[in-house]
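Listed below, chain by chain, are the residues.
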Amino acid sequence: MVVRTVIQDCYSIAALDFDRRLFDSLIPLPEGTSYNAYLVKGSQKTALIDTVDPTKELDLVCDLVRLGIDTIDYVIINHAEQDHAGSLPMVLELFPSSRVITNEKCKEILIHHLDLDEDRFILVKDRETISLGNKTLEFIIAPWVHWPETMLTYLKEDRILFSCDLFGTHYASSDLFMKDEKSIFIPAKRYYAEIMMPFRASIRGHMEKIGELGIDIIAPSHGPVYNNPAFILNAYHEWISDSVKNEVVIPYVSMHGSTRKMVDHLTRALIERGISVKPFDMTVTDTGNLAMSLVDAATVVIATPTVLFGPHPQIVYATYLANLLHPKVKFASIIGSYGWGGKTIDMLKSMMTHIKPELLEPVLVRGLPGEECIKGLDRLADEIAQKHKEIGLLPE
Ligand code: FEO
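Residues numbered from 1 in each chain as written. Predicted model: local features only at pLDDT ≥ 70, side-chain atom pairs only at ≥ 80, totals over all residues. Heavy atoms only, no water.

Student: I tried to follow the pattern of salt bridges on my own but got confused; where do I start?
Tutor: The final tally for this structure, using the stated rule, is 24 salt bridges. Between Arg-200 and Asp-242 there is a salt bridge, with its nearest N and O atoms 3.1 Å apart. Placement of Arg-200 in helix α6 (residues 200–213) and of Asp-242 in the loop between α7 (229–240) and β15 (245–252) is noted, with a sequence separation of 42 residues between them. Across the salt bridge formed by Asp-296 and Lys-245, the nearest N and O atoms sit 3.9 Å from each other. Residue Asp-296 is found in the loop between α9 (287–293) and β17 (297–303), and its partner Lys-245 is found in strand β15; the two are separated by 51 residues along the sequence. Asp-296 gets classed as buried once you look at its relative accessible area, which sits at 5%. Residue classification places Lys-245 among the partly exposed residues on the basis of a relative accessible area of 36%. The structure contains a network of salt bridges with shared partners spanning Lys-189, Glu-238, Lys-245 and Asp-296. (Salt bridge = Lys/Arg side-chain N within 4 Å of Asp/Glu carboxyl O. Helix = DSSP H or I, 4+ residues; strand = E, 2+ residues; numbered from the N terminus. Buried < 20%, exposed > 50% of the residue type's maximum accessible area, 1.4 Å probe, protein only.)

As structure tokens, this is what we get:
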């Protein structure tokens, strides 16, 4: 845990979790993560903005002691998930006169998860403010920047947006501010893909509100603080847009080599047609890399052998995950090899309930991929190239 000054009277109290490798028992963390709480000292009142993961709550206490804080008037909770709200019970116990400021939905979730006393809450609505004396906090209700109760807090006088999960990065760093755009872009995109992509439509609405604020600093609750907010705002504008790239993502599994041969052939055929291809062997792939590749890709081709009656379980997982993440992919197809039958195509199609891409004719082969199969893969490559031309990704 470390205290760092964002600006005068505004401190980052970040629990750096360099060694954590999995979040929500789901998301790989190759760069660790951080849980950033912030302390804002006004001339009359002091506010703590979010807390930290409960595994780091003693670090939070030590930092508050280091800062000489003996009173916290308000604890602002932007999001009820445990990595930000999990130390709230301890903070409320240590500072018995402090009140929790949040919205109605967040209060409901906090009470269910943390068993808190209703009397400690002050509820706020969209654009309401609270004064700390010489500093004013404004609350922006922004549902679905992870959960339905999320909100943002804006320090008006200093033009700092405390965005909690939004604009975060799972990246543990000893630097408070982003130092190097190149090294942060990929972790920020990975975080967007894994956590924010399903909420692209909600984020669009919030970005309009955020654009009206006037922001000098974005202080999220994971990863670096941005004193050049345009970097992360521009990246988000691109990621949440409807524009896709001339890319095909191929999550695949092969048991005895036939599906692998099909993937190799299709990859070559697409490259020859001027299309970028990203194949992922799902038996060894970091799912964060797959998620990131889905942010921009125009097309996904799922490649699987048939196991008993349907797709390989790793492909079921990849398809389920891709559907949950809700990328803006426009076209999809299925290829693979089977032994004697099964319902692979029907099962995979039925899993694409959110993404609803245009489905291109699948290519399935019994056993080894022979001449007819190769023709089918070439036909699929032609069809993908044609679709990419129709939406302007490839020249006619
Ligand atoms: Fe960082 Fe949704 O918690």
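Student: When you look at α7 in this model, what are you seeing that I'm missing?
Tutor: In an α-helix, one turn spans 3.6 residues, which is why side chains three or four residues apart end up on the same side. The terminal C-alpha atoms of α7 lie 17 Å apart, and with 12 residues this matches the ideal 16 Å at 1.5 Å per residue to within 8%. Buried residues belonging to α7 abut α5 (181–196), α6 and β14 (217–220). (Expected span 1.5 Å × (residues − 1). Contact = heavy atoms within 4.5 Å.)

Student: Mind showing me how you'd approach the nonpolar core here?
Tutor: One recurring pattern in soluble globular proteins: nonpolar side chains tend to sit buried together. Counting residues in hydrophobic clusters, the biggest one holds 60 residues, and the most contacted among them are Leu-161, Leu-166, Phe-167, Tyr-192, Met-196, Ile-203 and Tyr-236. Sequence-distant contacts of Leu-166, defined by excluding residues within four places in its chain, comprise Val-145, Leu-152, Met-196, Ile-203, Ile-210, Pro-220 and Tyr-236. Leu-48, Leu-60, Ile-72 and Phe-95 belong to the second-largest nonpolar core, a separate cluster that totals 31 residues. (Core = buried A, V, L, I, M, F, W, Y, C linked by side-chain atoms within 4.5 Å.)

Student: Sorry, what's going on with empty space enclosed by the protein here?
Tutor: If you roll a probe as big as a water molecule over the atoms, it shows you where there is empty space left. For the structure shown, the criterion picks out 2 cavities of 30 Å³ or more. Of the pockets and cavities examined, the largest cavity occupies roughly 100 Å³. Considering the residues around the largest cavity, the lining is formed by Pro-251, Leu-290, Leu-294, Val-300, Ile-302, Ala-318, Thr-319, Ala-322, Pro-327, Val-329, Met-352 and Ile-355. For the lining of the largest cavity, the elements supplying multiple residues, two or more each, are β17 and α10 (313–325). Ranked by residues supplied to the lining of the largest cavity, first place goes to α10 with 3 residues. The residue makeup of the lining of the largest cavity, split by class, is 11 nonpolar, 1 polar and no charged. Among the elements that make up the lining of the second largest cavity, the one with the highest residue count is strand β2 (residues 10–17) (3 residues). (1 Å grid on protein atoms, 1.4 Å probe; cavity = no way out; pocket = protein on both sides within 12 Å on 5 of 7 lines; lining within 4 Å. Points joined across faces, edges and corners; volume = space filled by probe spheres on them. Nonpolar A, V, L, I, M, F, W, Y, C, P; charged D, E, K, R; others polar.)

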